[in-house]
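Coordinates in review
This is what each chain is made of:
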Amino acid sequence: SIAKFPCVRTLEGFEYDAQPSVDAKQIRELATSRWVANGDSVLLLGPPGVGKTHLAVALGREAIVRGYSTLFVPATSLVTQLARAHAEGRLEEKLIHFTKPKLLVVDELGYLPFEANAAHLFFQLVSRRYERGSMLVTSNRSVAEWGGVFGDAVVATAILDRLLHHSHVITIRGDSYRLRTKRRAGMVT
Ligand code: ADP
Ligand code: MG
């Protein structure tokens, strides 16, 4: 199963010491992919550079190793693809494409606000996948801010209602790993 991961990232390569707000035990449990077998969702929340995409790719990789079909898609690409398919009268085909994998990883939700139509299309996808497959969503916005991301509090609530039903929410705090590395090298203060 082709996952289209943007980079190679593993759990072995994740330094827990650098990110004390991440519970190593919880990540090791998620690495078993039992949550994928159960159809649960995972939300990885936190500011830029704290390792959300790293963990998303690494957990996606663990799911593939255990035989679960997995697709990785940046949030902006996902909504662009759905909106285009909708405009071209082939939304159904696209919804099937994104519903098929046992695990769908949606990376970086919230960096760009959604248009009203896009929010509704994303809702349709989440509804389709609900209690069929797992989703892993990373976001730099807290769930309280998702109304703003989707531009519609009602749609945001409906999406969150489904995503949070059987979910593991991991909120990462702290400094960007990228800046931390640069700081150590004396490149920034
Ligand atoms: P985010 O998606 O939260 O913005 P990334 O996952 O892209 O952050 O992390 C930024 C960079 O720092 C990546 O190259 C990632 O592999 C690395 N990184 C972040 N946190 C850690 C960590 N705790 N251990 C090892 N590498 C990390
Ligand atoms: Mg990221």
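My aim in this report is to walk through the structure given alongside it, one point at a time. (Residues numbered from 1 in each chain as written. Chains lettered and ligands numbered in written order. Predicted model: local features only at pLDDT ≥ 70, side-chain atom pairs only at ≥ 80, totals over all residues. Heavy atoms only, no water.)

Taken in spatial order, the five strands of this open sheet run β2-β3-β4-β1-β5, and their pairing is parallel. Each edge of the open sheet carries a strand with a single partner, namely β2 (70–74) and β5 (167–171). Looking at each pair of strands side by side, their axes are set apart by 10 degrees on average, direction ignored. As paired strands, strand β1 (residues 41–45) and β5 are joined by five bridges and run parallel to one another. When the bridges of β5 are listed, Leu45 appears paired with Thr171. (Pairing = 2+ DSSP bridges. Helix = DSSP H or I, 4+ residues; strand = E, 2+ residues; numbered from the N terminus. Axes fitted to C-alpha atoms, helices over the stretch in contact; angles between N-to-C directions.)

Quick look at the coordination of the magnesium ion (ligand 2) now. Protein coordination of the magnesium ion (ligand 2) is provided by Thr53 (OG1) and Glu108 (OE), with donor distances spanning 2.0 to 2.2 Å. A residue pair is termed long-range when its members are at least 10 positions apart, and Thr53 in helix α3 (residues 52–65) and Glu108 in strand β3 (residues 103–109) qualify at 55 residues. (Donors = N, O, S within 2.8 Å, 3.2 Å for Na, K, Ca; no water.)

A separate point is the site of ligand 1. The local shell around ligand 1 holds 14 residues, among which Arg9, Glu15, Gly49, Lys52 and His54 are the closest. Between ligand 1 and Thr53 there is a distance of 2.8 Å, counted from an oxygen atom to a side-chain nitrogen or oxygen. A distance of 2.6 Å is found between an oxygen atom of ligand 1 and a side-chain nitrogen or oxygen belonging to His54. Relative to its unbound accessible area of 550 Å², ligand 1 is 89% covered by the protein chains. Looking at the shell around ligand 1 element by element, the count peaks at three residues for α3. (Near = heavy atom within 4 Å. Polar contact = N/O pair within 3.5 Å; in protein donor to acceptor, adjacent residues only side chain to side chain. Areas by Shrake-Rupley, 256 points an atom, 1.4 Å probe, with all protein chains shown as cover.)

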